[in-house]
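Tertiary structure, described
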Amino acid sequence: EAAVTQSPRNKVAVTGGKVTLSCNQTNNHNNMYWYRQDTGHGLRLIHYSYGAGSTEKGDIPDGYKASRPSQENFSLILELATPSQTSVYFCASGGLGESSYEQYFGPGTRLTVL
Amino acid sequence: AQSVTQPDARVTVSEGASLQLRCKYSYSATPYLFWYVQYPRQGLQLLLKYYSGDPVVQGVNSFEAEFSKSNSSFHLQKASVHWSDSAVYFCALSPSGTYQRFGTGTKLQVVP
């Protein structure tokens with residue numbers, strides 16, 4: 001079964017600090033995604049990747065960077081964290097061809113920026 | 001523009017009753033459509049998907065959804081709900097088969 005893991009599961013950061021959220025998938029999927037979930041907004045796409053070395057901007061990329069060093073790993077980086085980035089972050093992966101239309105989600109990371 | 005609207009933020013139904021959760025989409029062509037369920041403190045799990053063909057699609061746990069091009073809708077239905085169906089349900093569309101756009105979600109509460 002598809003497996004997507006995220007670390008850490010919970011994180012408290014200070015304003016102006018650097019935060020790195022990590023995602024690992026064992027599905028051998030090409031596509032990976034980072035979303036944030038906020039009440040009243042559903043899930044919003046931050047960055048995504050089509051494979052190792054590639055990153056693309058999603059709908060709300062400002063204040064975030066992404067890194068895809070390998071097929072398995074996709075990181076979301078907040079260089080200068082702000083309280084408005086307090087949210088729950090989800091990573092997802094998607095396969096090839098028609099199966100790429102389906103996404104498999106990790107359990108989420110709850111980030112609080114004080 | 002590509003968007004998904006779930007007009008009901010909360011829905012409460014009695015156990016054993018039927019259920020419909022509404023989803024309207026905006027897209028110039030026929031998109032790929034999905035319903036996901038999210039249980040507390042968990043990620044999203046796929047319930048069902050529509051790509052083409054039969055407008056009624058079956059999913060896990062006896063859920064089904066009906067695609068309507070004329071109404072730009074993809075409503076989720078279940079004939080008889082169980083207390084364990086209490087969760088948040090998200091409708092999503094994929095215009096290109098890669099990234100997805102999500103609605104704001106509907107919180108379902110099943111009461112005795």
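Preceding block: the structure.
Being a predicted model, the structure only gives us computed values, none of them experimental.

Attention shifts here to the overall build of chain A. Looking only at helices and strands, chain A features zero helices and eleven strands. Its C-alpha atoms give chain A a radius of gyration of 13 Å, within 12% of the compact-globule value 13 Å for 114 residues. Residues classed as buried in chain A amount to 53% of the 114 residues present. When contacts within chain A are restricted to residue pairs at least 6 apart in sequence, those whose partners lie at least 24 apart make up 55%. Of the roughly 5,100 Å² that chain A leaves accessible, carbon and sulfur atoms contribute 49%. For chain A, the distance from the average position of its 9 positive side-chain charges to the average position of its 9 negative side-chain charges is 11 Å.

Turning next to the environment of A:H47. Residue and element names in this part refer to chain A. Take H47: it is sitting in strand β5 (residues 42–49). Between the C-alpha atoms of H47 and D59, which are twelve residues apart in sequence, the distance is 7.8 Å. Dropping the residues within four chain positions of it, H47 is found in contact with M32, Y33, W34, E56, K57, G58, P61, Y64, K65, A66, F74 and L76. Engagement of the side chain of H47 in a polar contact is seen with the backbone oxygen of Y64, the distance being 3.0 Å.

Residues and elements named next belong to chain A. On the basis of which strands lie adjacent, the open sheet formed by four strands has the order β1-β3-β8-β7 and antiparallel pairing. One side of each edge strand has no neighbouring strand; the edge strands of this open sheet are β1 (4–7) and β7 (65–67). The average angle at which neighbouring strand axes cross in this sheet is 20°, direction not considered.

Before going further, it helps to examine the pairing of β1(A). All names here are of chain A. Here β1 shows a buried face lined by V4 and Q6 and an unburied face lined by T5 and S7. Relative to strand β3 (residues 19–25), β1 runs antiparallel, the two being bridged by four bridges. Note that in β3 the partner of Q6 across the bridge is C23.

The next thing to look at is the pattern of salt bridges. Pairs can form between side chains of opposite charge whenever their charged atoms are close. Inspection of every chain in the model, using the stated rule, returns six salt bridges over all chains. Ionic contacts of the salt-bridge type, sharing partners, join the residues A:R36, A:D38 and A:R44 into one network.

Turning to the state of the cysteines, a few remarks are in order. Counted by the stated rule, this structure contains two disulfides over all chains. Across the disulfide from A:C23 sits A:C91; the S-S distance is 1.9 Å. Taking the torsion about the sulfur-sulfur bond, which here is approximately -80°, the covalent link between A:C23 and A:C91 counts as left-handed. In this pair, A:C23 is assigned in strand β3 and A:C91 in strand β9 (residues 87–94), connecting sequence segments 68 residues apart. In this model, B:C23 is linked to B:C91 through a disulfide, with the two sulfur atoms separated by 2.0 Å. Between B:C23 and B:C91 the sulfur-sulfur dihedral comes to about -65°; the bridge is accordingly left-handed. Of the two residues, B:C23 is situated in the loop between β3 (19–21) and β4 (24–26) and B:C91 in strand β10 (residues 87–94); the sequence distance between them amounts to 68 residues. Its relative accessible area of 0% is what places B:C23 among the buried residues.

What counts and what doesn't
- Residues numbered from 1 in each chain as written.
- Chains lettered and ligands numbered in written order.
- Predicted model: local features only at pLDDT ≥ 70, side-chain atom pairs only at ≥ 80, totals over all residues.
- Heavy atoms only, no water.
- Helix = DSSP H or I, 4+ residues; strand = E, 2+ residues; numbered from the N terminus.
- Rg over C-alpha atoms; globule rule 2.2 N^0.38 Å.
- Buried < 20%, exposed > 50% of the residue type's maximum accessible area, 1.4 Å probe, protein only.
- Contact = heavy atoms within 4.5 Å.
- Areas by Shrake-Rupley, 256 points an atom, 1.4 Å probe, with all protein chains shown as cover.
- Lys, Arg positive; Asp, Glu negative; His and termini not counted.
- Charge placed at Lys NZ, Arg CZ, Asp CG, Glu CD.
- Polar contact = N/O pair within 3.5 Å; in protein donor to acceptor, adjacent residues only side chain to side chain.
- Pairing = 2+ DSSP bridges.
- Axes fitted to C-alpha atoms, helices over the stretch in contact; angles between N-to-C directions.
- Salt bridge = Lys/Arg side-chain N within 4 Å of Asp/Glu carboxyl O.
- Disulfide = S-S within 2.5 Å.

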